[in-house]
There are 2 protein chains.
Amino acid sequence: MALTADIREADGTRVEQVMEAIRRRIAARTLQAGARLPSIRKGAQSFAVSPSTVVEAYERLAAEGLIRSRPGSGFYVSAPQAPLVLADLAPRLDRAVDPFWVSRQSLEAGADVLKPGCGWLPPDWMPQEDLRRAMRSLSRATPSGFTDYGTPLGVGPLRQLLARRMAENGVEIGPDGILLTDSGSQALDLICRFFLEPGDAVLVDDPCYFNFLALLRAHRVKAVGVPYTATGPDLERFAEALADHRPRLYITNSGIHNPTGATLSPVTAHRLLKLAEQARLTIVEDDIFGDFEHEPAPRLAAFDGFERVIQISSFSKTLSAAARIGYIAARPDWIEGLIDLKIASSFAGSALPQHLAYSVLKDGSYRRHLHGLRTRLARAMGETIRRVGAIGLTPWIEPRGGMLLWCRLPDGLDAAAIARRAIKDNVVLAPGNVFSVSQTSGDFMRFNVAQSVDPRVFHVLERALDRSPKAGG
Amino acid sequence: MALTADIREADGTRVEQVMEAIRRRIAARTLQAGARLPSIRKGAQSFAVSPSTVVEAYERLAAEGLIRSRPGSGFYVSAPQAPLVLADLAPRLDRAVDPFWVSRQSLEAGADVLKPGCGWLPPDWMPQEDLRRAMRSLSRATPSGFTDYGTPLGVGPLRQLLARRMAENGVEIGPDGILLTDSGSQALDLICRFFLEPGDAVLVDDPCYFNFLALLRAHRVKAVGVPYTATGPDLERFAEALADHRPRLYITNSGIHNPTGATLSPVTAHRLLKLAEQARLTIVEDDIFGDFEHEPAPRLAAFDGFERVIQISSFSKTLSAAARIGYIAARPDWIEGLIDLKIASSFAGSALPQHLAYSVLKDGSYRRHLHGLRTRLARAMGETIRRVGAIGLTPWIEPRGGMLLWCRLPDGLDAAAIARRAIKDNVVLAPGNVFSVSQTSGDFMRFNVAQSVDPRVFHVLERALDRSPKAGG
């Protein structure tokens, strides 16, 4: 009896060993999807076990779904996964809180749709006349600017200009530390390719820009949220997340934070960098809303001197989202690796948008445009704060600048339900949970004050809130 | 004695089991890089083995490099991998046969450098006047075309125009089956994201466009080469590769093949599709040189009706490489998944290049431009064939159209060595092995006939070949 039990145990162990050996080969792809496994007889020989052990191992693996049997033909490694459908990678959420919901609703919206939930300015807030002039001037220029591939780093004079602009904010880097990209999104995507492997952990702010979450999903990595406060990430929770998840990257906004409109304080910046140094963490600082600041907030890259901070940005918000450019500012050894990845995935940047941007940025007109924009945004911010207050929403903070206002709904109302209702009235809202890894912003909503000037936004919102207007509202 | 051996064997099995359990946790990232392993005591408890078994397992895993010990502190999962340096992913090749060598030499070349090795036309072969006119016209147009994000699918009228153009070549697809991208490279990159996982196998032609190899490396997948013949891939070897590697994709050029200039024959296309169907293989047909054809060759997408074929292309070769656009034509369910990936990785396409392309393509000027281009290329092709012949090179075939000529060097000379020599004389050549997965094209070289008009190309080449000119050459 004892003997039989021993034998059974030993057999069990052998079955496990065979299973493990096969699992390892499939994981290492020495057994490819679709490949036939050795026959029972051959398997018994090669694993030096009895045929029944092989049968048992195969059947258990088949039960796990790793292999499947074709009657009369043997066992095969299961077919490779279906295509990467991003929507399937996360737990099935309400469609209105999926990161793609706001993107697609906003990007696909017709001219009759109001978009207080989108993250960009209306066309008439953009420097149209400067762009028209730049296009006419470029149409007369040497042809290579509108026929040839760009150089891998990008148009030289634009990189020099960017380096000078960054120096004004205390960020010191040479033009060869700047790699131009086709957008800020492409900048971040290249960095993810460079640093991440499937399964890695990445810290993000909670809440954060929803497309960070979509991109991290596409890279099959795990986004770990750190609560964001009015002065930057919650440092205690940040330290915990470092210890618990050993993240490879932290992705954040400096200057003006998306979606909260908050600004990183110098003391938080300093402590954050100390934590990052201890944990050997790389930080990606997305400066996308930097040009909207009245007073520049501290930049992590300025404090750190590009030891472990990478700065990215773009001109899609202030210049043109139709002729997009972005950039990466980073250590020279990283730039070198990023160039190869850029060539592999997009061959070369589009040079025309780079020439256009240079043409607008090089004289004083862009500064004047920004000055006017900041004033106009401040007015719209004040107006939106008044209007959301009148229907019972509470701004989380009053942002120092920019277009974003993060508001709490009254009475714990569900922002996703309201967004679903508003879209029927042709208003795209941005419900809080699209920004939240932990799904804890369900009663928040992000407003773009430049897209909220039309009073219909608040009529529709009010109806969706299903509340009557307050006195004086 | 027998007893001791038994115990030893049992212990060995237990050590293996503990090692496997830890390996699995690291692979599944439940034990993250940098994380501390359980102490010996705790490990012994949780694995229900003796402490000495845990010590042995940890030490063997440390010897494998999977974990490392910090004296006095315990064992830790080894640090995550360094950033993805593409150059390190392949066996260290001669720098001159790395896929990035030709790209970077060509893209970084100054105006004084001749580029017979590059894959695009000189600026004065591009439709400069048409582009100038389109830019002027766009500068007067409604501002949204040069300030706003594009829609996820891309500018509608351009997609309609592309669908009509494709129908002329027998490729039937509606405008909603066409997704505009920022380049042909981005089109292929999105498809790789959609279908591939690290470790997958992908079939390519041997030789093939070198940036396919760079992109596949960036996706950490295995490129499997199938020898290319004058009428398409070698079908016997193709069938073998299907059986041996169970590839997820096959990436190829229809129309004019890069680098050989060959054209797929109808019979090969038909048989290829039958093999693909049996193996449930998806085919990506890159039609990048299609507009250079005098007579359209068969398109796999036309035969297949977009069941398992995806067609991609761009206008970087015939219209502008500075305002780039590309596209993907595919089944609607695949397009839907690709849109999400496009948003995640680049948010929206740049609309300005799409409007520019539409402006040029919509009237007859682009057709006239193509007609002139084909005539001019045919002349340059004849001239280049004569010149390479004069210095002892043999064209592999005489292409029916396009800019590419694939030539064998005399006497088994090493193309990489010659390219290294020529670059010192400011001539960028394209040595054969940058195109070859199997590294069997070392005595081939690809010429761009439009970039080989300047006789200095052949003077430098001749000197690099270290041969005296032939009589009459």
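Residues numbered from 1 in each chain as written. Chains lettered and ligands numbered in written order. Predicted model: local features only at pLDDT ≥ 70, side-chain atom pairs only at ≥ 80, totals over all residues. Heavy atoms only, no water.

> Tell me what's going on with the overall build of chain A, and back it up with residues and numbers.
Each helix and strand counted, chain A has 18 helices and 14 strands in total. Seen through its principal axes, chain A has C-alpha atoms that stretch 90 × 60 × 45 Å. By residue count, 62% of the 473 residues in chain A fall in the buried class. Considering only contacts within chain A whose residues lie at least 6 apart along the sequence, 74% involve residues at least 24 apart. Counting only carbon and sulfur atoms, one obtains 51% of the accessible surface of chain A, whose full area is about 18,300 Å². If you average the places of the 57 positive and of the 52 negative side-chain charges in chain A, the two averages end up 4 Å apart. (Helix = DSSP H or I, 4+ residues; strand = E, 2+ residues; numbered from the N terminus. Buried < 20%, exposed > 50% of the residue type's maximum accessible area, 1.4 Å probe, protein only. Contact = heavy atoms within 4.5 Å. Areas by Shrake-Rupley, 256 points an atom, 1.4 Å probe, with all protein chains shown as cover. Lys, Arg positive; Asp, Glu negative; His and termini not counted. Charge placed at Lys NZ, Arg CZ, Asp CG, Glu CD.)

> Explain the sheet that holds strand β10 (residues 326–329) of chain A to me, and be specific about the residues and the numbers.
Residues and elements named next belong to chain A. The eight strands are arranged β3-β10-β9-β8-β7-β4-β5-β6 in an open sheet whose pairing can be described as mixed. Edge positions in the open sheet fall to β3 (178–181) and β6 (232–233), since each of these has one partner strand only. Of the pairings in the sheet, the one linking strand β4 (residues 201–206) to strand β7 (residues 249–253) comprises three bridges and is parallel in character. Along β7, the bridge assignment pairs Leu203 with Tyr250. (Pairing = 2+ DSSP bridges.)

> Run through the relation of the copies chain A and chain B, naming residues and quoting values.
Superposing chain A onto chain B requires a rotation of 180 degrees together with a translation of 0.0 Å along the rotation axis, leaving an RMSD of 0.1 Å. The relationship between the two copies is best expressed as a two-fold rotation axis. The rotation axis passes nearest to the C-alpha of Arg136 of chain A in chain A, at a distance of 2.8 Å. Here 100% of the contact residues of chain A are again contact residues in chain B; the copies associate through an equivalent surface. (Least-squares fit on C-alpha atoms with pLDDT ≥ 70 in both.)

> Hey, could you go over the domain arrangement of chain A for me, with residue numbers and the actual values?
How big an interface is tends to be expressed through the accessible area that disappears when the partners come together. With domains assigned, chain A is organised as domain 1 (2–77), domain 2 (88–123 + 367–465) and domain 3 (129–363). Taking only C-alpha atoms, the centre of domain 1 of chain A and the centre of domain 3 of chain A are 49 Å apart. (Domains from an automatic or database assignment.)

> Could you give me a rundown of the interface of chain A and chain B, with the residues and numbers involved?
The interface is formed by 89 residues belonging to chain A together with 89 residues belonging to chain B. When the two sides are added together, the surface that chain A and chain B hide from each other amounts to roughly 8,000 Å², 55% of it contributed by carbon and sulfur. A salt bridge links Arg104 of chain B to Asp340 of chain A, with the nearest nitrogen and oxygen atoms 3.2 Å apart. Along the contact surface separating chain A from chain B lie 36 residue pairs in polar contact (both at pLDDT 80 or more). With nine residues, helix α14 (residues 332–346) of chain A is the single largest residue contributor to the side of chain A that touches chain B. When grouped by side-chain class, the residues that make up the side of chain A that touches chain B number 43 nonpolar, 26 polar and 20 charged. (Buried area = accessible area lost by both parts, 1.4 Å probe. Salt bridge = Lys/Arg side-chain N within 4 Å of Asp/Glu carboxyl O. Polar contact = N/O pair within 3.5 Å; in protein donor to acceptor, adjacent residues only side chain to side chain. Nonpolar A, V, L, I, M, F, W, Y, C, P; charged D, E, K, R; others polar.)

> Can you tell me about the sheet that holds strand β10 (residues 326–329) of chain B, naming the residues and giving the values?
All names here are of chain B. With mixed pairing, the eight strands of this open sheet are ordered in space as β3-β10-β9-β8-β7-β4-β5-β6. Strands with a single pairing partner mark the edges of an open sheet, and in this sheet they are β3 (178–181) and β6 (232–233). For strand β7 (residues 249–253) and strand β8 (residues 282–286), the ladder comprises five bridges, and the chain directions are parallel. Bridged to Tyr250 within β8 is Ile283. Running over the sheet, helix α8 (residues 156–168) touches β3, β9 (309–314) and β10 and is turned about 115 degrees from β3. (Axes fitted to C-alpha atoms, helices over the stretch in contact; angles between N-to-C directions.)

> Can you lay out helix α10 (residues 210–218) of chain A for me, pointing to particular residues and giving the numbers?
All names here are of chain A. Among the nine residues of α10, nine are classified as buried, and the element is accordingly described as predominantly covered. Residues of α10 that are buried include every one of Phe210, Asn211, Phe212, Leu213, Ala214, Leu215, Leu216, Arg217 and Ala218, and no others. Positioned one or two residues after α10, Arg220 has a phi angle of 55 degrees, which is positive.

> So what about the packing of aromatic side chains? Which residues, and what values?
Throughout the structure, instances matching the rule amount to 32 aromatic pairs over all chains. Geometrically, the ring pair formed by Tyr209 of chain B and Phe212 of chain B is edge-to-face, given 5.2 Å between the ring centres and 80 degrees between the ring planes. Note on Tyr209 of chain B: relative accessible area 16%, which makes it buried. What makes Phe212 of chain B buried here is its relative accessible area of 4%. Taken together through their ring pairs, the aromatic side chains of Tyr209, Phe210, Phe212, Trp406, Phe435 and Phe444 of chain A make up a single cluster. One residue, Arg376 of chain A, lies across the ring of Trp125 of chain A, its end atom 4.0 Å from the ring centre. (Phe/Tyr/Trp six-rings, centres within 6.5 Å; stacked < 30°, edge-to-face > 60°. Lys NZ or Arg CZ within 6 Å of the ring centre and 35° of its normal.)

> Requested: an account of the pattern of salt bridges, with residues and values cited.
All chains considered together, the criterion is met by 47 salt bridges over all chains. Arg193 of chain A serves as the salt-bridge partner of Asp189 of chain A, at 3.6 Å between the closest nitrogen and oxygen. Highlighted residues: Asp189 of chain A and Arg193 of chain A, both in helix α9 (residues 184–195), separated by four residues, approximately one helical turn. The exposure class assigned to Arg193 of chain A is buried, which follows from its relative accessible area of 5%. Where salt bridges share partners, they join Arg104 and Glu108 of chain A together with Glu336 and Asp340 of chain B into one cluster.

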